[in-house]
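# An overview of the molecular structure
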Amino acid sequence: MSDTPIPAAVTPNPQAVSVQVKRSAIFIVATLNPDAASYDTVRAWCGDVAALVRSVGKRQPAGGLSCVCGFSANAWDALFGTPRPAELHPFREFGAGERHAIATPGDILLHIRADFMDLCFELATHLMGRISSAVTTVDEVHGFRYFDQRSIVGFVDGTENPTGDEAVTFTVIGEEDPEFAGGSYVLVQKYLHNMNAWNALTVEAQEKVIGRTKLADIELDDAVKPSSSHSSLTTIEANGEEVKILRDNMPFGRPGAGEFGTYFIGYARSPAPIEQMLENMFVGRPPGNYDRLLDYSRAVTGGLFFVPSEPLLESLADRAAPDEAGTDHSSTDTPPSAAPVSDGSLNIGSLKGAPQYE
Ligand code: HEM
């Protein structure tokens, strides 16, 4: 026997989930056209994504171009069949009426980032050009970085994001789902804000809504920070440890049309912590103690996607169509963009051994 230690299993390279903050982003959500030729086109395209990012990015390396590509639960079943990522499911809705985290159609998500919008635009053009006959774009948002990384509501956004190894720990799937190690889950929501009502608040009142000071971006003291503040309700724990997600929200808007928005994007190694945050925000912790930011913000889209690791994305191009492979996946009886799961609760108790978030 050799004395050479057996190397630990190496996690496949993630897509560019955790990158330095960039100044521009394009978010595209598209539905799959429900026919075999479209499915073939999209599968083949999976093998081209990385090369297109390299080609466009090389033209201006200082721009730091990157792209993350994700698939909804129903798209995964239609395109790739089994095995499927353990926690991939349709977007779960939370709340109702005025405060409703709604699910909207979407099978493929592209999150393109760079310091220069021309790079994002060029890459989006090439990526979408290859699948234009196979998908229907249902939402496209061009986001910009606003002054010193402020959200459109004027507060610095992203301060408490995990960085470095911590970002990897919180976003990259490991041995809990070995076939999908190196992957992540990503949840997106497009929010529109009532800026007239928001701007009518005093700065002190806005600070209580967010839970941080506006100018200096310092967390409010526990003695004055309401338990309904955005930062309180999105701070969650499992087994006594804080669980973080990685966000890269972008402002967007059309001042001429009175549109002011935040494109929320959150990455994690399980959808559960992001869903817990949504429940806290929309339903409240405890119920009724909801996020007052939602009195001034309305979610108009919602989608959950799985982000395969870089090598898995490339190899998906060689997957046989699920039916050809003889896979039994009756869920493809529903078209790729199917109805949301709307139970308003996480059903966490039903997930055997799953952590309890609070
Ligand atoms: C209306 C859209 C939203 C806006 C404008 C917004 C803005 C902000 C701002 C200004 C902060 C404080 C600075 C920071 O740590 O980043 C923050 C924190 C945070 N937000 Fe949001 N956010 C939005 C939606 C969401 C959603 C939908 C989630 C999760 C589902 C979320 C999760 C978080 C988390 C985890 C923190 C850090 C909390 C902490 O550790 O203190 N946000 N957000």
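Residues numbered from 1 in each chain as written. Predicted model: local features only at pLDDT ≥ 70, side-chain atom pairs only at ≥ 80, totals over all residues.

### So, unusual backbone geometry
- The residue after Thr-82, namely Pro-83, is reached through a cis peptide bond having omega -5°.
- The residue Pro-83 is located in the loop between helix H3 (73-79) and strand S3 (94-96) in this model.
- Looking along the chain, the bond that leaves Arg-285 and enters Pro-286 is cis, with omega of -10°.
- Tracing the chain through its elements places Pro-286 in the loop between helix H9 (271-282) and strand S13 (297-299).
- At Asp-217, a position not held by glycine, the phi torsion is positive, near 60°.
- Inspection of the secondary structure puts Asp-217 in the loop between helix H7 (203-210) and helix H8 (230-233). (Helix = DSSP H or I, 4+ residues; strand = E, 2+ residues; numbered from the N terminus.)

### Considering the site of the ligand
- Near the ligand you find 27 residues, and of these Phe-155, Glu-160, Ser-231, Thr-234 and Met-277 are the closest.
- When residues of the shell around the ligand are traced back to their parent elements, those giving at least two are strand S7 (184-193), H8, strand S12 (259-268) and H9.
- Taken together, the residues of the shell around the ligand sort by class into eleven nonpolar, twelve polar and four charged. (Near = placed C-beta within 6 Å. Nonpolar A, V, L, I, M, F, W, Y, C, P; charged D, E, K, R; others polar.)

### Some details on the confidence of the model for the protein chain
- Considering every residue of the protein chain, the mean pLDDT works out to 92; 89% of them sit at 70 or more.
- In the model, residues 326-334 has pLDDT below 50 throughout and makes 13 contacts with residues more than four positions away in sequence or in other chains.
- This stretch, residues 342-352, has a pLDDT under 50; its non-local contacts, to residues over four places away or in other chains, come to eleven contacts. (pLDDT = per-residue confidence, 0-100. Contact = placed C-beta atoms within 7 Å.)

### Focus: the pairing of strand S2 (residues 66-71)
- Of all six residues in S2, six are buried; the element is thus mostly enclosed.
- Alternating positions in S2 separate into two faces, Ser-66, Val-68 and Gly-70 on one and Cys-67, Cys-69 and Phe-71 on the other, with burial throughout.
- In terms of strand pairing, S2 meets strand S5 (residues 108-114) through six bridges, oriented antiparallel. Residue pairing for S5: Phe-71 is matched across the bridge by Ile-108. (Buried ≥ 20, exposed ≤ 12 C-beta atoms within 10 Å, placed from the backbone. Pairing = 2+ DSSP bridges.)

### Topic: the environment of Asp-217
- Taking the C-beta count within 10 Å as the criterion, Asp-217 has 15 such neighbours and is therefore assigned partly exposed.
- Taking the C-alpha atoms as reference points, Asp-217 and Val-156, separated by 61 residues in sequence, lie 6.2 Å from one another.
- Contacts of Asp-217, omitting those with residues within four sequence positions, involve Val-156, Thr-159 and Arg-212.

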